[in-house]
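# Structural description and commentary
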Amino acid sequence: MPASLLIVEDEEPLQVLLTYNLQAEGFRVRATGTGDDVDVLVREEPPDLIILDWMLPGLSGIEVCRRLRAREETRDVPVIMLTARGEESERVRGLSTGADDYVVKPFSVPELIARVHSILRRSNPDAVAERLEVGDIELNRKTRRVRRQERDVDLSPTEYRLLEHLMQNPGRVYSREQLLDAVWGHDIYVDERTVDVHVGRLRKLLNKGRRSDPIRTVRGVGYSFDDRFGAC
Ligand code: CA
């Protein structure tokens, strides 16, 4: 069961961007623009983690966080607080809000995703699998090692991220643009052909001397980790 996240952010473009990227990462995501909704949403289904903006119309992020901490059922839900750069973030840190982590705006989406993974690993080890295994390929997130048929495959950080992203959702087809956003981040301008180059390298390293290729090229769309790979 994928981890469930709740995003509380009133800036709509940011809310949409985070929802899209965290869904692409395999999480179940609900989002709202107001702190007043949090109580109802949390009672409806307790999330595994909340991403909470500090400056919200109505109930502020700090107040939302305090209320979560005050209730027995929500006391332990991890909270990542989004704060503005400068004095405000200093102030918010000074106030003991009970947040588990703070991310200062503007931030990069891959950085936030990395924090989400790291907090979930600590709070709920089952929510983010430490090991991904499909067919004869094994990826260990803790050691960042990849093995195929018990042999180490030496990947660069980019190829590792690419494989990790594809392996989290076997069968799902990603466009080059989606892979660029997930692996390289939104802030960097990289040509879509870069994806082809890295997929090519990843294949070469992964398939060395083997005939079966777990990465499927979907013409005119993009790439996918073959969900039937290793099934036969
Ligand atoms: Ca805000």
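Residues numbered from 1 in each chain as written. Predicted model: local features only at pLDDT ≥ 70, side-chain atom pairs only at ≥ 80, totals over all residues. Heavy atoms only, no water.

### Considerations on the nonpolar core
Where we set the bar: Nine residue types can take part in a nonpolar core, namely buried Ala, Val, Leu, Ile, Met, Phe, Trp, Tyr and Cys, and a core is a set of them joined through side-chain atoms within 4.5 Å. Burial classes: relative accessible area under 20% of the type maximum marks a residue as buried, over 50% as exposed, and values in between as partly exposed (1.4 Å probe, protein chains only). The helix count covers DSSP runs of H or I at least four residues long, the strand count covers runs of E at least two residues long, and both are numbered beginning at the N terminus. Two residues qualify as a contact provided that any one of their heavy atoms is within 4.5 Å of a heavy atom in the partner residue.
By size, the foremost hydrophobic cluster in this structure holds 27 residues, and its most contacted members are Val 146, Leu 163, Met 167, Leu 206 and Phe 225. Those elements that place two or more of their residues in this core are strand S6 (131–134), strand S7 (137–140), helix H6 (157–168), helix H7 (176–184), helix H8 (193–207) and strand S12 (222–225). Discounting chain neighbours no more than four positions away, the residues touching Met 167 are Leu 132, Glu 133, Val 134, Ile 137, Leu 139 and Phe 225. Core analysis: the second largest hydrophobic core is formed by 20 residues, Leu 22, Leu 82, Phe 107 and Ile 119 among them.

### Some points on helix H5 (residues 109–123)
The test is simple: To estimate how far a helix should extend, the number of its residues minus one is multiplied by 1.5 Å.
With 15 residues, H5 should cover 21 Å at 1.5 Å per step; its first-to-last C-alpha distance of 21 Å lies within 8% of that length. All buried positions along H5 are accounted for by Val 109, Leu 112, Ile 113, Val 116, His 117, Ile 119 and Leu 120. Where the residues of H5 are buried, they touch strand S1 (4–8), helix H1 (12–24), strand S3 (49–53), strand S4 (79–84) and strand S5 (101–105).

### Here we look at the packing of H1 against H5
How we decide: Geometry is summarised by axes, namely lines fitted to C-alpha atoms with helices restricted to the contacting stretch, and by angles between N-to-C directions that run from 0 to 180 degrees. Relative orientations are named as follows: roughly parallel for angles under 35 degrees, roughly antiparallel for angles over 145 degrees, roughly perpendicular for angles from 65 to 115 degrees, and oblique for any other angle. Crossings are sorted by hand: turned counterclockwise from the far helix by less than a right angle, the near helix makes the crossing left-handed, and turned clockwise it makes it right-handed. Classes in brief: Ala, Val, Leu, Ile, Met, Phe, Trp, Tyr, Cys and Pro nonpolar; Asp, Glu, Lys and Arg charged; the others, Gly included, polar.
Between H1 and H5, the least distance of the axes is 11 Å, while the angle of their chain directions is 55°. Between H1 and H5, the angle is such that the two are oblique. Relative to H5, the crossing made by H1 is right-handed. Where H1 approaches H5, its residues Leu 17, Leu 18, Asn 21 and Leu 22 are matched on the opposing element by Val 109, Leu 112, Ile 113 and Val 116. Partitioning the contact of H1 with H5 into residue classes produces seven nonpolar, one polar and no charged.

### Some points on the pairing of S7
To keep things clear, this is the line we draw: Think of it this way: DSSP has to see at least two bridges between two strands before they count as a pair.
Burial of S7 is two-sided: the residues Ile 137 and Leu 139 facing one way and the residues Glu 138 and Asn 140 facing the other way are all buried. One ladder, built from four bridges, connects S6 with S7; its direction is antiparallel. Bridged to Val 134 within S7 is Ile 137. Taking the residues between adjacent antiparallel strands as the criterion, S6 and S7 are bridged by two residues, where Gly 135 takes a positive phi near 60°. Across four bridges, the pairing between S7 and strand S8 (residues 145–148) is antiparallel. From the neighbouring strand, Asn 140 faces S8, where its bridge partner is Arg 145. Hairpin connection from S7 to S8: four residues lie between these consecutive antiparallel strands, with Arg 144 at a positive phi of about 55°.

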